[in-house]
Amino acid sequence: MLAWALAGLLAAVGTAQAQGGSGSGRTGSYLGVFAGPGSVDVRMTDIDGFSGSNSVPGQTFEYDGTGIAAGVVAGRYFHLGRMQLLLEADGAFGGLPAATRQMDPVGLDETATAELHWVGTARMGVRRSLGSVGVFVAGGVSVAGISNSFTDLDPGTDGRLRVDPDDSFDERPTRVGWVAGAGIERPVTGAWTLRLDGLYKDFGETVHQAENRLGVNAGVCGPAGLPSPCRYGFDQRFALLRLVLLRRPAGRG
Ligand SMILES: [Ca+2]
Ligand SMILES: [Ca+2]
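Basis of the calculations
Residue numbers restart at each chain and count upward from 1, following the sequence in its written direction. Each chain takes a letter, starting from A, and each ligand takes a number, starting from 1, following the order in which they are written. Only residues with pLDDT of at least 70 are given local features in this predicted model, and only at 80 or more are side-chain atom pairs given and counted; all residues enter the totals for whole chains, interfaces and linings. The helix count covers DSSP runs of H or I at least four residues long, the strand count covers runs of E at least two residues long, and both are numbered beginning at the N terminus. Exposure classes come from backbone-placed C-beta atoms, where a residue is buried if 20 or more other C-beta atoms lie within 10 Å of its own, exposed if 12 or fewer do, and partly exposed in between. Two residues form a contact once the distance between their C-beta atoms, set from the backbone, is within 7 Å. Whether two strands pair depends on DSSP finding at least two bridges between them. By convention the nonpolar core is taken to be a set of buried residues drawn from Ala, Val, Leu, Ile, Met, Phe, Trp, Tyr and Cys and joined through C-beta atoms within 7 Å.

Novice: Lay out the overall build of the protein chain in plain terms, naming residues and giving numbers.
Specialist: The helix and strand inventory of the protein chain stands at one helix and eleven strands. Mapped from its N terminus to its C terminus, the protein chain presents α and β elements in the order α-β-β-β-β-β-β-β-β-β-β-β. The buried share of the protein chain, taken over its 253 residues, is 31%. Residue pairs in contact within the protein chain that sit at least 24 positions apart in sequence constitute 69% of those at least 6 positions apart.

Right, here's the structure in full:
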């Protein structure tokens, strides 16, 4: 929907084909908005072998989800010798993808989720002008707020399923990872540029542990067979294809 809104905004900007100013290179700062489809891919490792029906330590579970992400971007083009470079930062705060996986398809009592709440990047890239278009590759660091949860349901005394706090957790850490991407852009009027780019972000693996809050009902994890909090590794990657509308501030080159 936001992509359509962006397309509508572009249409409103006009169809004037201002070819001047694309030149052999660009300098100066810019601001912009973006929207586009994103996906999150999760590989969860059940380190202690709690989940599922076969309870194998080290078993991995893959799951993914998609969404429409939107956000803002600010950057600057500059030259270093004959090289065209760009320095850019962006942030997305809405519509980000979430993923859910039912770990035990028989009992339906164990569910893992991953959800991106916000994500930002700071990147540096190399740009090249090819006629009226510019292409670039860029990389840098990405920071994200990602929540990971594992929920185990157990029957209570009345037989109804309830969240077992010993075997469940819900954490929302801030993650730092790397980002790489490439794009193509083209001026649409004197001050406006339209860009299509793709970003890939990898936040590596983090290990979370069930809370074992009551200490009486924690899952039996590992070959020792003793009640202990179970550990889970989450390896998460995020891909985004975006339509970006950039504008150079008035009075800037
Ligand atoms: Ca259970
Ligand atoms: Ca339990």
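Novice: Lay out the pairing of strand β2 (residues 59-80) in plain terms, naming residues and giving numbers.
Specialist: Of the pairings in the sheet, the one linking strand β1 (residues 28-46) to β2 comprises 19 bridges and is antiparallel in character. Paired with Asp41 across the two strands is Asp64, which belongs to β2. Where β2 and strand β3 (residues 83-94) come together, eleven bridges link them in antiparallel fashion. Across the sheet, residue Gly75 finds its bridge partner in β3, namely Glu88. Hairpin connection of β2 to β3: two residues between the antiparallel strands, including Gly81 at a positive phi of 65°.

Novice: Any chance you could break down the nonpolar core for me, citing the residues and the numbers?
Specialist: In this structure, Val40, Val42, Ala69, Ala114, Leu116 and Val119 are the most contacted members of the largest nonpolar core, which totals 35 residues. For this core, the secondary-structure elements that each account for two or more residues are β1, β2, β5 (110-130), β6 (133-155), β10 (192-209) and β11 (231-247). With seven residues, the single largest contributor to this core is β11. Leave out the neighbours within four places in its chain, and Leu116 touches Val40, Leu96, Pro97, Ala144, Ile146 and Phe238.

Novice: An account of unusual backbone geometry is requested, with residue identities and associated values reported.
Specialist: One non-glycine residue, Asn212, lies in the positive phi region at around 50°. Locating Asn212 in the fold gives a position in the loop between β10 and β11. Note on Asn212: 19 C-beta atoms within 10 Å, which makes it partly exposed.

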